[in-house]
Amino acid sequence: KGLTVLVCGGGNAAQVATSMFASRYETYAISLYADEAAKWKKHMMGGRWHDKVEGMKLTLDTGKKLISTPTDISNDPSLSGKADVIILAVPSFAHGQYFEAFYPYIKPGTIVACMPARSGGDILFASKMKEKADSMAFVGFETLPWACRFTEWGKRATILGTKGQILAAVTPESESTRAIATLQGLLGVYPAIEKSPNNLGISLRNPGQVIHPGVMYGRWCAEKWDGKPLAEKPLFYQGVDDFTEKVLLGISDEVQDVCRKVEALIPGFNLKDACTLHRWYLDSYKGQMADDSTLKLSMNTNSAYIGLTHPMNPVDGGFMPDLKYRYLAEDVPTGLCFTRGLAELLEVPTPTIDKVITFAQESLGKSFLVDGKMAGPNLGETRAPQAVGINSKEDFFKMAKIACIG
Ligand code: NAI
């Protein structure tokens, strides 16, 4: 049976997803970023779109190669009206732009999946799709199914590794069987999609919102760094010290406080996947940590992390930290700001998260948190519920389609 797939984005993930799905189904790629779609189309076709089709080649981690050609690569959002499945394989700050552009065209029954969703993707989707949201299935993936890179932009890409399993949640829950079966069919046997009970669990689980801003704060806050260049790039995960571990534990505990408050308000609500950061390491890197007895050691002794350094820029006299890197620029707005905004609605104190957001917004030259409230002028760039006009916990649960308290 025919299935029409629309892949959004133009980076590593989008190029890989497009070539994989185009090998079996009618697949379109869309990029709304500058002239990326036109450039990609030109590169792929060697400039001869109607004449000689060069297509794309994807090398899988099994060594197999797929050759395919997407039906079109475009910047036309009306393509969303043709799609049965829409995959957002683009950094999370761009999701809202795609949802907004698709709103007039998208048809009932469409499955919309974000890989990865980061935090609050379901809330953003519901707010942009308005009355249409109820007739569609939103799927939030905890991460991307693959580690992948394009090797020749627009033409050749490689899957370096495929996850064994991956969590995804579907809103509304009644659509989960259909949506997960369809997406599993697209991905193939691996990764096995494991159904998570709800998108709030995916949002609060998001390990990137804890690890990346927490380690950046722990190394570069005023207490720890004099602002001068360093001779060498410090290790990111292996360099986590007692100070940084305390920051990470502080953020993770505050996320847990939010979880417990939600569970107290909605008895029986399942947030099992929104685990502590240490638990996440034990589950995700089992066997790869020489000593997993503490959070710090799980990071310091993790073989997946050997040699990985802080993002740094070369300068006269050594290296300066890149404080505008996605560890702050993506993981704070579309991760930590969601959790902080929800905590505010639930009246859960978040002293550590507040310190980290304050550091991040100063580093980024933005303002999200002002006088203890998620009300800064750049709030619209975040996933804080307040950014889409949600100002009470009742409104939040309604938007999240969570059966509510009275
Ligand atoms: P990427 O950095 O290759 O994505 C770049 C694309 O983002 C651009 O081609 C463009 O389509 C879009 N973009 C960039 N700036 C934009 C702007 N200002 N406005 C609108 N769109 C803009 O990212 P990649 O590697 O494709 O990853 C996608 C997501 O998956 C990210 O969230 C990443 O953290 C995550 N991820 C990626 C993995 C990988 O192996 N590539 C592994 C795990 C997660």
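Residues numbered from 1 in each chain as written. Predicted model: local features only at pLDDT ≥ 70, side-chain atom pairs only at ≥ 80, totals over all residues. Heavy atoms only, no water.

Chemist: Let's hear about the overall build of the protein chain: which residues, and what values?
Modeler: For the protein chain, the count of helices and strands is 14 helices and 16 strands. Judged by the C-alpha coordinates and their principal axes, the protein chain covers about 60 × 60 × 40 Å. Out of the 406 residues in the protein chain, the part that is buried amounts to 54%. For the protein chain, restricting intrachain contacts to residue pairs at least 6 apart in sequence, the fraction spanning at least 24 positions comes to 72%. Charge separation in the protein chain, taken as the distance between the mean sites of 44 positive and 44 negative side-chain charges, equals 6 Å. (Helix = DSSP H or I, 4+ residues; strand = E, 2+ residues; numbered from the N terminus. Buried < 20%, exposed > 50% of the residue type's maximum accessible area, 1.4 Å probe, protein only. Contact = heavy atoms within 4.5 Å. Lys, Arg positive; Asp, Glu negative; His and termini not counted. Charge placed at Lys NZ, Arg CZ, Asp CG, Glu CD.)

Chemist: Lay out the site of the ligand with the relevant residues and their values.
Modeler: Taken together, the neighbourhood of the ligand is formed by 22 residues, with N12, A13, E36, R118 and C148 sitting nearest. One of the side-chain nitrogen or oxygen atoms of N12 is found 3.0 Å away from an oxygen atom of the ligand. R118 is positioned with one of its side-chain polar atoms (N or O) 2.8 Å from an oxygen atom of the ligand. When the ligand sits alone it has 840 Å² of accessible area, and the protein chains cover 75% of it. When residues of the shell around the ligand are traced back to their parent elements, those giving at least two are α1 (12–22) and β9 (146–152). Considering every element that reaches the shell around the ligand, the biggest residue donor is β9, with 4 residues. (Near = heavy atom within 4 Å. Polar contact = N/O pair within 3.5 Å; in protein donor to acceptor, adjacent residues only side chain to side chain. Areas by Shrake-Rupley, 256 points an atom, 1.4 Å probe, with all protein chains shown as cover.)

Chemist: Account for the domain arrangement of the protein chain, with residues named and values stated.
Modeler: Per the domain assignment, the segments of the protein chain are domain 1 (4–196) and domain 2 (204–399). Between the C-alpha centres of domain 1 and domain 2 there is a distance of 27 Å. Counting the surface lost from both domain 1 and domain 2, the interface buries some 1,400 Å², and carbon and sulfur atoms represent 52% of this. Three residues, R118, S119 and I123, lead the burial of domain 1 against domain 2; their summed loss comes to 45% of the area buried on that side. Viewed at the interface, domain 2 and domain 1 are joined by 2 salt bridges. (Domains from an automatic or database assignment. Buried area = accessible area lost by both parts, 1.4 Å probe. Salt bridge = Lys/Arg side-chain N within 4 Å of Asp/Glu carboxyl O.)

Chemist: So what about the pattern of salt bridges? Which residues, and what values?
Modeler: Applying the stated rule across the entire model yields 19 salt bridges. K296 is the partner of D242 in a salt bridge, and the nearest nitrogen-oxygen pair spans 2.9 Å. Taken together, the positions of D242 in helix α8 (residues 242–265) and K296 in helix α10 (residues 295–300) put the pair 54 residues apart, joining distant regions of the chain. Here K296 falls in the partly exposed class, since its relative accessible area comes to 21%. Salt-bridge contacts for E381 lead to K366; the nearest nitrogen and oxygen are separated by 2.8 Å. In this pair, E381 is assigned in the loop between β16 (373–374) and α14 (393–399) and K366 in the loop between α13 (351–364) and β15 (369–370), connecting sequence segments 15 residues apart. We classify E381 as partly exposed; its relative accessible area is 40%. By relative accessible area, which is 32% here, K366 ends up partly exposed.

Chemist: Quick rundown of the environment of D331? Include the residues and the values.
Modeler: Topologically, D331 is positioned in the loop between α11 (326–329) and α12 (332–346). The class of D331 is buried, set by a relative accessible area of 2%. The residues contacting D331, other than those within four sequence positions of it, are R118, G208, Q209, H212, P213, R326 and L336.

Chemist: Before we move on, could you go through helix α7 (residues 208–220) and cite the residues and values that matter?
Modeler: With 13 residues, α7 should reach 18 Å at 1.5 Å per residue; the first-to-last C-alpha distance of 17 Å fits that figure. The element α7 is extensively covered by neighbouring structure, given that 12 of its 13 residues are classed as buried. (Expected span 1.5 Å × (residues − 1).)

Chemist: Account for the nonpolar core, with residues named and values stated.
Modeler: Counting residues in hydrophobic clusters, the biggest one holds 64 residues, and the most contacted among them are L200, L204, I211, Y281, M299 and F396. It is α12 that contributes the most residues to this core, 8 residues altogether. F396 has contacts with I123, L200, F338, L342, L345, P385 and I390, leaving out every residue within four places of it along the chain. Core analysis: the next-biggest nonpolar cluster, separate from the first, contains 34 residues, L60, A157, I166 and A168 among them. (Core = buried A, V, L, I, M, F, W, Y, C linked by side-chain atoms within 4.5 Å.)

Chemist: Which residues make up the sheet that holds strand β3 (residues 56–59), and what are the values?
Modeler: Whether parallel or antiparallel, the strands of a sheet pair through hydrogen bonds between backbone atoms. The 4 strands are arranged β4-β3-β10-β9 in an open sheet whose pairing can be described as mixed. Edge positions in the sheet fall to β4 (65–68) and β9, since each of these pairs with one other strand and no more. For this sheet, the mean angle separating the axes of adjacent strands, direction not counted, is 20°. Here 6 bridges tie β9 to strand β10 (residues 156–162), and the two strands are oriented antiparallel to one another. Bridged to C148 within β10 is I159. Running over the sheet, α1 touches β3, β4, β9 and β10 and is turned about 90° from β9. (Pairing = 2+ DSSP bridges. Axes fitted to C-alpha atoms, helices over the stretch in contact; angles between N-to-C directions.)

Chemist: Pulling in residues and values, what's your account of the packing of aromatic side chains?
Modeler: Taken as a whole, this structure holds 17 aromatic pairs when the rule is applied. Arranged with centres 5.2 Å apart and planes meeting at 35°, the rings of F125 and F138 form a pair that is tilted. Pair noted here: F125 is in helix α4 (residues 121–129) and F138 is in strand β8 (residues 137–141), with a separation of 13 residues, a long-range link. What makes F138 buried here is its relative accessible area of 2%. Seen in terms of ring centroids, Y237 and Y305 are 3.5 Å apart; in terms of plane orientation they differ by 10°. Their pairing is stacked. Here Y237, found in the loop between α7 and α8, pairs with Y305, found in the loop between α10 and β13 (312–315); they are 68 residues apart in sequence, far enough to count as distant. For Y305, a relative accessible area of 6% gives the class buried. Ring pairing ties together the aromatic residues F236, Y237, W280, Y281, Y285, Y305, Y325 and Y327, which thus form one cluster. If you follow K130 out to its NZ or CZ, it ends over the ring of Y103, 4.5 Å from the centre. (Phe/Tyr/Trp six-rings, centres within 6.5 Å; stacked < 30°, edge-to-face > 60°. Lys NZ or Arg CZ within 6 Å of the ring centre and 35° of its normal.)

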